[in-house]
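Coordinate analysis (summary)
Now for the letters of each chain:
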Amino acid sequence: MRIAGAAINQIPFDWTHNLRTIREAIEQAKASGVELLCLPELCLTGYGCEDLFLSDWLPQSALEHLQQVRPWTDGICVVIGLPVRLNHRTYNTAAVLRDGQILGFAAKQFLANDGVHYEPRFFHPWPASETTTVQWEGEEWTLGDMIFEHKGVKFGFEICEDAWRPDDVRPACRLKGRVDMIVNPSASHFAMSKTDLRYKLVLNASRNFNCTYLYANLLGNEAGRIIYDGEILVARNGHLLLRNQLMSFKEVDMECVDVDFATEQARAEEIQPLPTPDEYRELNQALSLALFDYLRKARSRGFVLSLSGGADSVMCAVAVAELVRLGTAELGTAEFMRRAGCFTADDIEQLAGPVAPVPDQNAPGPKDASHSEPDQEQARVNQILTGRLLTCAYQGTVNSSDDTFNSAKELADSIGAVFYNWTIDDEVTGYVGKIEHALGRELTWKTDDLTLQNIQARVRAPAIWMLANIQNALLITTSNRSEASVGYCTMDGDTAGSISPIAGVDKAFVKDWLRWAETALNYPALRHVNALQPTAELRPLEDKQTDERDLMPYPLLNRIERLAFYDRLSPRQVFSVLKGEESATDPELLKTYVKRFYSLWSRNQWKRERFAPAFHLDDYNVDPRSWLRFPILSGGYTEELNGL
Ligand SMILES: Nc1ncnc2c1ncn2[C@@H]1O[C@H](COP(=O)(O)OP(=O)(O)OC[C@H]2O[C@@H]([n+]3cccc(C(=O)O)c3)[C@H](O)[C@@H]2O)[C@@H](O)[C@H]1O
Ligand SMILES: Nc1ncnc2c1ncn2[C@@H]1O[C@H](COP(=O)(O)OP(=O)(O)OP(=O)(O)O)[C@@H](O)[C@H]1O
Ligand SMILES: NC(=O)CC[C@H](N)C(=O)O
């Protein structure tokens, strides 16, 4: 039997869009002779509909829209995820359709309730071995824990989280021996290296439960924060049959494979390991696709960035250039521009030549564009596109250095971004003078250090916002996770912006990534930033301000943060682990860092509540609206820190 998974790039309750990609996937599958196709979890509504899942109308509307899919399933068996609401409870289900009929709804039994997932807020778990009925306009279907059959192949379900539970409780343990195949429609968020976990999960499931395992994930930045890598996996008895290229820029990535269910396949002795994921490359692909999707789904016309030449803003600029490079490499210039949604037909013809406005969805699966260099002509086109999508401004003060200016200018020029340069000293002097006049005293670095730093960061905001408004573009804010942890940023200053692409990764990672990108992605202009020490450049230059002098070494900050909030240790436990790991560092200094971290962390929760929407990229983040909730007002660990 030819079976397939299709990763599709959906939008919460955009029925027209979602039905279009579903139809496209089904048509591609039919054209490839596929007999059974699995689409991802909740793909009809989108996974990220949040509290709308609690309404009566959204699940009802989903069921109505499912009826439109029925005629498309002539000659094929298709699995489609949607919410179903019964007796004021919403269930997360996978509908099975064939030849225009709905065969039933398999319901999710274990709900994801960790990290970025809050499913028990929206859904009820379905009890094992039970079924009920769904009624709609005189028709009735079975919903619950059930087994289906297509052309003699018996199959049951695990819906995403179902598969992440122990082997002796997950649905597979009851399906073992009763089915030939387990189908898993998923909405599994991207995190660096997570593909390795998923691979092992699917391979081991197929081996341990003696079956074929078909897995299909969502694709792209669906709703703003969470990114899906579009992974499709098929394994049989511990052997990998299919694994696709992740992070496609296409809206539909359908991949199929033949499984000879009539012939037994010996159980694999052991699972062949995947090569270790390359996290820098993964991050690049995820960030580029996330930005591209955000741009087009927000119906925006590009990005504006206050480019200091320092690590954070430079990484954001490279991410936009990479969005163009990877997008055009996979889709071609014309399709990339069409999909971006912010270019006119004339623009497209000018840059891509005359093209038929036909989507390229029937082309074969994506290639890994991240390894390929564009030819000279494509590189020229990419520079023009980057110039259309990214406008930067260096906004210097008397405290800025030539080093950061050169870094910003050369990088912007090398990628083709529009680059402006102005100073903000007049505005700073104007505000300082006004306040000095009102207070009747001078403001000095000795008495007013933070105030004088923050005013510089704040007066950069209005002009850069003006550019964003003029261009109808998204203002990128450059916060990273380390900065967010300790509030090392000025609220309404450098945090001003509408999207925060790198707030999910720590500062040490940002620096390492830029060193990697200089050679691996061929951005020679990064040599400037790679030679710089991170600095806010807010104090007079002779003060030689650096982030790490103000705070602590970034790798240590990152380690404390991880121990405190990923491993959830107490301050005492964190200190004890650090002492063991950092035997060369004075324990008193380590204690100072631990105390500094926790008190800055607690004091700055309100800032984290106000950051612009950020992508989830690492295995955790500090965003209170996705991974990590923490009180705004608290005891601030006073007793715990005093006891160290
Ligand atoms: N719980 C709470 N809820 C609401 N507001 C709260 C609050 N606690 C304090 N606040 C208020 O917060 C305000 C202070 O916050 P804010 O004005 O943002 O400034 P603040 O956090 O005091 O200082 C900013 C820090 O970030 C550093 N910085 C700034 C800019 C750029 C960079 C860089 O790396 O480039 C670094 C700078 O060196 C300094 O250490 C005060 O007015 C205080 O009342
Ligand atoms: N001279 C400047 N021109 C334009 N924007 C600036 C300037 N200085 C600071 N900014 C803005 O403020 C942000 C915060 O500064 P921050 O120092 O945290 O980041 P960075 O300069 O990009 O990196 P690094 O910390 O490694 O120097 C910058 O990313 C940038 O958006
Ligand atoms: N949608 C889900 O059930 C996702 C949960 C699962 N643990 C994952 O991260 O893939």
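Computed from a prediction, not measured in an experiment: that's the story for all the values here.

**Some words on the pairing of strand 4 (residues 89-98)**
- A large share of strand 4 lies buried, amounting to seven of its ten residues.
- Across ten bridges, strand 3 (residues 77-86) lies against strand 4 in antiparallel orientation. By the bridge assignment, C77 is partnered in strand 4 with R98.
- Judged from the six bridges that link them, strand 4 and strand 5 (residues 101-107) form a sheet pairing that is antiparallel. Each bridged residue has a counterpart across the sheet, and for L97 the counterpart in strand 5 is I102.
- Where strand 4 hands over to strand 5, the hairpin turn is made up of two residues, of which D99 adopts a positive phi near 50 degrees.

**A look at the domain arrangement of the chain**
- Entries for the chain in the domain assignment read domain 1 (2-259), domain 2 (286-317 + 385-532) and domain 3 (548-644).
- A straight line from the C-alpha centre of domain 2 to that of domain 3 covers 25 Å.
- Counting residues at the interface gives 26 residues for domain 2, matched by 25 residues for domain 3.
- Breaking the side of domain 2 that touches domain 3 down by element, the ones donating at least two residues are helix 6 (279-297), helix 14 (481-486) and helix 15 (507-520).
- For the side of domain 2 that touches domain 3, the element with the most residues is helix 14, which contributes five residues.

**Brief notes about the sheet that holds strand 14 (residues 232-236)**
- Taken in spatial order, the six strands of this open sheet run 8-9-10-11-14-15, and their pairing is mixed. Lying at the two open borders of the sheet, with one neighbouring strand each, are strand 8 (148-150) and strand 15 (239-243). For this sheet, the mean angle separating the axes of adjacent strands, direction not counted, is 25 degrees.
- Note that strand 11 (residues 212-216) and strand 14 share five bridges and pair antiparallel. Counted as the bridge partner of A216 is I232 from strand 14.

**What about the pairing of strand 14?**
- Extensive coverage of strand 14 is indicated by the burial of five of its five residues.
- Going residue by residue along strand 14, you find I232, V234 and R236 tucked away on one face and L233 and A235 tucked away on the opposite face as well.
- Note: strand 14 against strand 15, four bridges, orientation antiparallel. Bridging across to strand 15, L233 finds its partner in R243.

Calculation notes
Residues numbered from 1 in each chain as written. Chains lettered and ligands numbered in written order. Predicted model: local features only at pLDDT ≥ 70, side-chain atom pairs only at ≥ 80, totals over all residues. Buried ≥ 20, exposed ≤ 12 C-beta atoms within 10 Å, placed from the backbone. Helix = DSSP H or I, 4+ residues; strand = E, 2+ residues; numbered from the N terminus. Pairing = 2+ DSSP bridges. Domains from an automatic or database assignment. Contact = placed C-beta atoms within 7 Å. Axes fitted to C-alpha atoms, helices over the stretch in contact; angles between N-to-C directions.

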